[in-house]
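Single-letter residue listing:
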Amino acid sequence: WREALQTMAATHNRDLEPGVITYNMAVSTCGKAAQWREAFGLVSEMTKRTLESDVITIGGAISSCERQAQWQSALGIVADVQHREMEPDVIACNAAIS
């Protein structure tokens, strides 16, 4: 996960704008490493850069919460997704309730 964040930082340092796929890779990597704060930071950064998160982004963020028993945060993500009229997929919902 550290390499993913370093790659993101290097992208910014080169004045390149990472896209949704790059953010998804980093969020998913943080999620697999149970680094929920970093995953949330990336999702927040996407919002600031006006990039639309997608099901993959949301799934990665929820998975990071699941691995650290941050169920309140996971349910908050699901509520936010529904508020934005997105549909979380089955995997994201299962991760949020587990």
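Structure shown above.
One structure accompanies this document, and this report is about it.

Definitions and cut-offs
- Residues numbered from 1 in each chain as written.
- Predicted model: local features only at pLDDT ≥ 70, side-chain atom pairs only at ≥ 80, totals over all residues.
- Heavy atoms only, no water.
- Helix = DSSP H or I, 4+ residues; strand = E, 2+ residues; numbered from the N terminus.
- Contact = heavy atoms within 4.5 Å.
- Areas by Shrake-Rupley, 256 points an atom, 1.4 Å probe, with all protein chains shown as cover.
- Phe/Tyr/Trp six-rings, centres within 6.5 Å; stacked < 30°, edge-to-face > 60°.
- Buried < 20%, exposed > 50% of the residue type's maximum accessible area, 1.4 Å probe, protein only.
- Salt bridge = Lys/Arg side-chain N within 4 Å of Asp/Glu carboxyl O.

## Notes on the overall build of the chain
Item 1. Secondary structure assignment for the chain yields six helices and zero strands.
Item 2. Helices and strands appear in the chain in the N-to-C order α-α-α-α-α-α.
Item 3. In the chain, the proportion of contacts linking residues at least 24 apart, taken out of those at least 6 apart, comes to 61%.
Item 4. On the chain, roughly 5900 Å² of surface is accessible, and the fraction owed to carbon and sulfur atoms is 54%.

## A word on the packing of aromatic side chains
Item 1. Under the definition given, this model contains one aromatic pair.
Item 2. Pairing Trp 36 with Phe 40 gives two aromatic rings, centres 5.6 Å apart and planes at 90°, and the pair type is edge-to-face. Here Phe 40 and Trp 36 lie together in helix H3 (residues 36-48), a separation of four residues that amounts to about one turn.
Item 3. For Trp 36, a relative accessible area of 15% corresponds to the buried category.

## Side note on the pattern of salt bridges
A side chain with one charge can pair with a side chain of the opposite charge if their charged atoms come near.
Item 1. Counted according to the given criterion, the structure contains two salt bridges.
Item 2. The residue Arg 49 makes a salt bridge to Glu 17 at a minimum N-O spacing of 3.0 Å. In this pair, Arg 49 is assigned in the loop between H3 and helix H4 (55-67) and Glu 17 in the loop between helix H1 (2-13) and helix H2 (20-32), connecting sequence segments 32 residues apart.
Item 3. One salt bridge in this structure joins Arg 49 and Glu 45, with 3.7 Å as the shortest N-O distance.
Item 4. Residue classification places Arg 49 among the partly exposed positions, given a relative accessible area of 30%.
Item 5. Taken together, the shared-partner salt bridges in this structure form one network comprising Glu 17, Glu 45 and Arg 49.

## Here's the deal with the environment of Asp 54
Item 1. Relative to the helices and strands, Asp 54 resides in the loop between H3 and H4.
Item 2. For the pair Asp 54 and Val 20, spaced 34 residues apart in sequence, the C-alpha to C-alpha distance is 8.0 Å.

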